[in-house]
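Summary of the model geometry
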Amino acid sequence: MCAGGWSCVFFLIAVALPTPTPPSLRAAADHAGILIGAAVRPEQLSEAAYASTLAREFNMVEPEDAIKWEVVHPAALSFDFSQGDKMVDFAMTHKMKIRGHTLVWHQQNPKWLTEKKYTSGELAEILERHIKTVVGHYRGKIFAWDVVNEAFDELQPGKLRSTIWRDQPGIVMAGNEAASSSPAHSTPSARSSQQSYAYIERCFRWAHEADPQALLFYNEAEAEVMNPKSDAIYAMVRDFRQRGVPIDGVGFQMHIANLHPDVASVSANIKRFTVLGVQVHITEMDVALPVDPNGNARPEDLQLQADIYREIATACLSHPGCTAIQTWGFTDKYSWIGSHSKHTQGAALPFDRDYRPKPAYAALRNALGSGRR
Ligand code: G3I
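Scope of this entry: the structure provided in the associated data block. (Residues numbered from 1 in each chain as written. Predicted model: local features only at pLDDT ≥ 70, side-chain atom pairs only at ≥ 80, totals over all residues. Heavy atoms only, no water.)

Looking at the state of the cysteines
Covalent bonding between the sulfur atoms of two cysteines is what defines a disulfide. If you walk through the whole model with that rule in mind, you get one disulfide. Covalent S-S linkage joins Cys316 and Cys322, the inter-sulfur distance amounting to 2.1 Å. A torsion of -105° about the S-S bond marks the disulfide between Cys316 and Cys322 as left-handed. According to the relative accessible area criterion, Cys316 is buried, its value standing at 0%. For Cys322, a relative accessible area of 0% translates into the label buried. (Disulfide = S-S within 2.5 Å. Buried < 20%, exposed > 50% of the residue type's maximum accessible area, 1.4 Å probe, protein only.)

Quick look at the structure:
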């Protein structure tokens with residue numbers, strides 16, 4: 001071990017010193033001045049490893065499903081905040097920020113809403129009441145909301161999807177500020193796109209009335225890179241900013257299944273939105289890998305996954321307006337990817353099913369550690 005003399009002294013000092021513990025993601029993010037979040041399932045908070053990992057590693061949480069319509073608004077005249085409140089209590093105990101998800105979406109809506117035919121006026125009343133009740137309930141606690149989620153249609157590039165809120169029958173017919181307040185000098189095509197996303201504008205205005213301090217985000221899938229969908233969102237956000245519609249940010253979900261994403265395009269896209277004066281949050285990151293029947297991924301894919309986490313975090317950190325990086329869950333034990341891919345994909349998150357950090361964890365932490373700004 002040592003031949004004697006000073007070398008023995010140094011050896012003994014080295015073995016006596018505790019191995020430095022690397023900082024958590026949370027400590028690295030605090031140091032870098034960015035939020036690091038995870039989507040949470042409140043029913044798992046009673047599991048010790050789930051709760052301790054979450055509180056140690058993250059400074060922000062978001063309910064994965066707990067305050068979506070079907071959970072929080074189960075009947076026309078009743079609201080159920082029990083799951084959401086559980087998560088909020090946990091977050092406040094552990095001094096974590098809370099994002100809200102989501103006030104308007106075409107999925108996970110209750111049958112009482114989707115199966116009955118309402119008039120535009122009735123739908124507008126229902127939606128206004130929903131937004132104001134939910135945002136009002138969490139006023140001062142939820143600091144940022146995904147007001148509208150996935151309003152653009154992946155099958156028709158750049159176009160809004162058809163939903164009860166937009167055109168089936170849509171709330172726009174109930175009267176809208178955007179349609180009537182179009183600037184006289186705007187072009188016919190600008191006016192027509194304003195009218196088509198007028199319902200989105202209404203939602204932002206209602207949310208702002210319910211909590212003027214909350215940051216209001218538009219959240220979207222598959223718009224992380226420069227493409228027709230992100231172009232359309234960019235045009236909408238620019239128009240909102242020009243007309244004083246209360247929008248503060250854009251959420252890019254970042255569900256990645258292609259192991260060679262175009263990170264330069266992600267970075268350019270983040271940049272153009274922050275130049276508009278809105279924040280960007282990465283809201284739902286995961287990197288799905290092919291898995292065997294036991295849910296295990298190949299080591300080389302875990303390394304590629306780590307590279308992607310590092311590169312996306314670095315891209316965000318390089319733009320001061322990109323202020324949060326959030327993963328969709330944090331342990332492979334509870335990721336949505338498995339059940340939604342018939343268990344052919346998985347292993348998408350920084351912690352494995354036993355809460356052990358994966359290469360993606362170290363990569364993310366290293367990116368945060370070198371990203372002070
Ligand atoms: O609530 C029922 C429960 O009663 C039932 O026993 C169980 C049986 O499968 O299903 C439960 O519903 C599930 C629900 O999540 C609540 O956990 C649904 O099956 C399941 O399909 C649903 O999946 C959610 C999905 O949104 C719905 O599209 C995922 O957990 C959630 O991670 C996912 O999240 C979305 C974001 O909100 C928006 N962006 C995309 C992202 C991934 O799809």
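Some points on the site of the ligand
Taken together, 16 residues lie near the ligand, and Glu64, Asp65, Lys68, His101 and Glu284 sit nearest. Note that an oxygen atom of the ligand is positioned 2.7 Å from one of the side-chain N or O atoms of Gln107. Within the side chain of Trp328, a nitrogen or oxygen atom sits 2.9 Å from an oxygen atom of the ligand. Protein contact buries 55% of the 790 Å² of open area that the ligand shows by itself. Looking at the shell around the ligand residue by residue, the class counts come to three nonpolar, seven polar and six charged. (Near = heavy atom within 4 Å. Polar contact = N/O pair within 3.5 Å; in protein donor to acceptor, adjacent residues only side chain to side chain. Areas by Shrake-Rupley, 256 points an atom, 1.4 Å probe, with all protein chains shown as cover. Nonpolar A, V, L, I, M, F, W, Y, C, P; charged D, E, K, R; others polar.)

As for the packing of aromatic side chains
Two aromatic rings, taken as a pair, are described by how far apart their centres are and by the angle between their planes. In total, this model carries 15 aromatic pairs according to the counting rule given. Summarising the aromatic geometry, the rings of Phe58 and Phe330 are spaced 5.7 Å apart at their centres and angled 50° between planes, so their arrangement reads as tilted. Here Phe330 lies in the loop between strand 10 (322-327) and helix 14 (336-340) and Phe58 lies in the loop between helix 3 (48-57) and strand 2 (60-63), a separation of 272 residues in the sequence. Judged by relative accessible area, which is 1%, Phe330 ranks as buried. Seen in terms of ring centroids, Tyr197 and Phe240 are 5.5 Å apart; in terms of plane orientation they differ by 85°. Their pairing is edge-to-face. One end of the pair, Tyr197, is in the loop between helix 9 (188-196) and helix 10 (198-210); the other, Phe240, is in helix 11 (residues 228-243), with 43 residues separating them in the sequence. Owing to a relative accessible area of 6%, Tyr197 belongs among the buried residues under this scheme. By the ring-pair criterion, three or more aromatic residues cluster together here, those being Tyr50, Phe58, Phe330, Tyr334, Phe351, Tyr355 and Tyr361. Over the ring of Phe217 we find Arg99; its NZ or CZ atom is 4.9 Å from the centre of that ring. Seen from the ring of Tyr234, Arg272 lies directly overhead, with NZ or CZ sitting 5.0 Å from the centre. (Phe/Tyr/Trp six-rings, centres within 6.5 Å; stacked < 30°, edge-to-face > 60°. Helix = DSSP H or I, 4+ residues; strand = E, 2+ residues; numbered from the N terminus. Lys NZ or Arg CZ within 6 Å of the ring centre and 35° of its normal.)

Some thoughts on the packing of helix 11 against helix 12 (residues 263-275)
Running from N to C, helix 11 and helix 12 cross one another at 10°; their axes reach a closest spacing of 10 Å. Between helix 11 and helix 12, the angle is such that the two are roughly parallel. Residues Ser230, Asp231, Ile233, Tyr234 and Val237 of helix 11 pack against Asn269, Arg272 and Phe273 of helix 12. Of the residues belonging to the contact of helix 11 with helix 12, the class tally is four nonpolar, two polar and two charged. (Axes fitted to C-alpha atoms, helices over the stretch in contact; angles between N-to-C directions. Parallel < 35°, antiparallel > 145°, perpendicular 65-115°, else oblique. Contact = heavy atoms within 4.5 Å.)

With respect to the pattern of salt bridges
Within the structure shown, the criterion is met by 22 salt bridges. For Glu220, the salt bridge identified is with Lys229, shortest N-O distance 3.3 Å. Look at the salt bridges and you will find they share partners, linking Glu154, Arg161, Glu220 and Lys229 into a network. (Salt bridge = Lys/Arg side-chain N within 4 Å of Asp/Glu carboxyl O.)

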